[in-house]
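Next come the chains, spelled out residue by residue.
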Amino acid sequence: MTSEELKITVEKALDEIRPFLQSDGGDISLISIDNDKFVTVKLEGNCVGCSVNQMTLKSGVEMTIKKHAPQIEKVINID
């Protein structure tokens, strides 16, 4: 998978979870993909400062991205 194909795949994964985040007044943006292994995202809206956003990031976002792109090792949120 090329870097561009990986970006499209990760965006599709984010599109899959976005409705759940938006239903709580939040959102997510893709910031970067480094070395085709590390995805950096930015949680937005009500997701910022939410007490369960790390759980959402690991069990929701990271799991969904890895389902679509198994080569991704880690998803990192920037504040």
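Residues numbered from 1 in each chain as written. Predicted model: local features only at pLDDT ≥ 70, side-chain atom pairs only at ≥ 80, totals over all residues. Heavy atoms only, no water.

Student: Break down the nonpolar core for me, with residues and values.
Tutor: Counting 18 residues, the largest nonpolar core has Leu-14, Val-39, Val-61, Ile-65 and Val-75 as its most contacted members. When residues in this core are grouped by element, the largest group, six residues, is from helix α1 (residues 3-23). (Core = buried A, V, L, I, M, F, W, Y, C linked by side-chain atoms within 4.5 Å. Buried < 20%, exposed > 50% of the residue type's maximum accessible area, 1.4 Å probe, protein only. Helix = DSSP H or I, 4+ residues; strand = E, 2+ residues; numbered from the N terminus.)

Student: Outline the packing of α1 against helix α2 (residues 53-68), listing residues and values.
Tutor: As a packed pair, α1 and α2 sit with axes 8 Å apart at the nearest point and diverge in direction by 145 degrees. Of the two elements, α1 crosses α2, and the hand of that crossing is right-handed. Between α1 and α2, the residues in contact are Thr-9, Val-10, Ala-13, Leu-14, Glu-16, Ile-17 and Leu-21 and Thr-56, Gly-60, Val-61, Thr-64, Ile-65, Lys-67 and His-68, respectively. In terms of residue class, the contact of α1 with α2 is made up of seven nonpolar, five polar and two charged. (Axes fitted to C-alpha atoms, helices over the stretch in contact; angles between N-to-C directions. Left-handed = near helix turned anticlockwise from the far one by under 90°. Contact = heavy atoms within 4.5 Å. Nonpolar A, V, L, I, M, F, W, Y, C, P; charged D, E, K, R; others polar.)

Student: Provide a residue-level description of the pattern of salt bridges, including the pertinent values.
Tutor: If you walk through the whole model with that rule in mind, you get six salt bridges. Here Asp-15 and Arg-18 are joined by a salt bridge, their closest N and O atoms 2.5 Å apart. One end of the pair, Asp-15, and the other, Arg-18, are both in helix α1, three residues apart, so they sit about a helical turn from each other. The class for Asp-15 is partly exposed, based on a relative accessible area of 44%. (Salt bridge = Lys/Arg side-chain N within 4 Å of Asp/Glu carboxyl O.)

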